Amino acid sequence: MDRGSRRERWGWIKAILLAAVLALGVRLFLFETITIHQSSMYPNFQESDRVVIGKMVYRFREPARGDVAVFETDLMEMPLIKRAIGLPGETVQIYDNAVYIDGERLTEPYLYQTMYDEYGPETVPADCVFFLGDNRNNSEDSRYPGIGMIPYGSIRGKVRLRIWPIYRIGWVGNPYEE
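The notes below deal with the structure included here. Because the structure is predicted, anything quoted here is derived from the model rather than measured.

Moving on: the overall build of the protein chain. Helix and strand content of the protein chain: two helices and twelve strands. The order of α-helices and β-strands along the protein chain, N terminus first, is α-β-β-α-β-β-β-β-β-β-β-β-β-β. Relative to the 2.2 N^0.38 estimate, which gives 16 Å for 178 residues, the radius of gyration of the protein chain is 20 Å and therefore markedly larger than a compact globule would have. For the protein chain, the C-alpha atoms occupy an extent of roughly 80 × 35 × 30 Å along the three principal directions. Among the 178 residues that make up the protein chain, the fraction classed as buried is 40%. In the protein chain, the share of contacts with a sequence separation of at least 24, taken over all contacts with a separation of at least 6, comes to 60%. Summing over all exposed atoms, the protein chain offers an accessible surface of approximately 10400 Å²; the carbon and sulfur share of this is 55%.

Okay, structure coming up:
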C-alpha cells in the first residue's frame, strides 16, 4: 500500500469520526427524535407520529402557554407529550367543560372534544408547568396525582417539527403566538 492511499484512507476515517461525533453532539444537546406512544394529543398528534424536540429551547426561555413539550415523570417509563396550560403562579381550575386560568376561561382551538372533568383550583408552583393533553378525556396529565405539576428540570424539550408520517410533516407552532 502506497503512502497516498494510506493518507486518503486516514482522511476518510477522520471525516467519518468527525461526522459521528458531531451527530452525537447534536443528538445529546440540541435535538432529539421522539416517537409518540399515546393518543392523549389526538388529533393534533397521533400514535406513531415522530417529532423532533428542541432540547435547548427552555434553557433560554420559560415554557409558554400553548407550547407542546415532552417531559419525564416518575410514573411513566416513556416520556409524555402534552400542551403547557398553566404557568408558574397561575391558578388553574377546570369546570363547566372548560379550563380557567386565574378565573378567566381559556380559549382552546386545538381541542379534540368537550372535556368532562373538574379540577382545582390549584396554583402552579414556581418553576413548574401544568400540562394537559389535547384529547382531555383520554389523557393522563397534570390533573393526576402521579404526574402533577411538572418541574422545569423534567422537561426534555419543546416539540418543533413533525417528521412522520410524511403527509403530515411540518413545523409545530403555538396557537397563542401565531
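So that's the structure; there's more coming.
Glancing now at a nonpolar patch on the surface. Residues Trp-10, Ile-13 and Leu-17 make up a contiguous nonpolar surface patch of about 320 Å² in total accessible area. Within the fold, Ile-13 resides in helix α1 (residues 3–30). The class for Ile-13 is partly exposed, based on a relative accessible area of 37%.

A few words now on the pattern of salt bridges. For side chains of opposite charge, pairing can occur when their charged atoms come near one another. This structure, assessed with the given rule, holds twelve salt bridges. Across the pair Asp-49 and Arg-162 runs a salt bridge whose closest N-O atoms are separated by 3.0 Å. Note that Asp-49 is positioned in the loop between β1 (31–35) and β2 (50–54) and Arg-162 in strand β11 (residues 155–164), a separation of 113 residues in sequence. The exposure class assigned to Asp-49 is buried, which follows from its relative accessible area of 2%. For Asp-49, the salt bridge goes to Arg-168, with nearest N and O atoms at 3.2 Å. Of this pair, Asp-49 sits in the loop between β1 and β2 while Arg-168 sits in the loop between β11 and β12 (170–171), and the two are 119 residues apart along the sequence.

Below, the discussion takes up the nonpolar core. Note on soluble globular proteins: their nonpolar side chains tend to be buried together. Formed by 14 residues in total, the largest nonpolar core has its most connected members in Ile-85, Val-99 and Phe-130. Of all the secondary structure elements, the ones that give two or more residues to this core are β5 (91–95), β6 (98–101) and β9 (128–132). Top contributing element to this core by residue count: β9, with three residues. Those residues in contact with Val-99 that lie beyond four places of it in its chain are Ile-85, Val-92, Gln-93, Ile-94, Glu-104, Arg-105, Leu-106, Glu-108, Met-115, Leu-132 and Arg-136.

Cut-offs used in this document
Residues numbered from 1 in each chain as written. Predicted model: local features only at pLDDT ≥ 70, side-chain atom pairs only at ≥ 80, totals over all residues. Heavy atoms only, no water. Helix = DSSP H or I, 4+ residues; strand = E, 2+ residues; numbered from the N terminus. Rg over C-alpha atoms; globule rule 2.2 N^0.38 Å. Buried < 20%, exposed > 50% of the residue type's maximum accessible area, 1.4 Å probe, protein only. Contact = heavy atoms within 4.5 Å. Areas by Shrake-Rupley, 256 points an atom, 1.4 Å probe, with all protein chains shown as cover. Patch = residues over 30% accessible without salt bridge, like charges linked within 9 Å, V, L, I, M, F, W, Y side chains within 5 Å. Salt bridge = Lys/Arg side-chain N within 4 Å of Asp/Glu carboxyl O. Core = buried A, V, L, I, M, F, W, Y, C linked by side-chain atoms within 4.5 Å.

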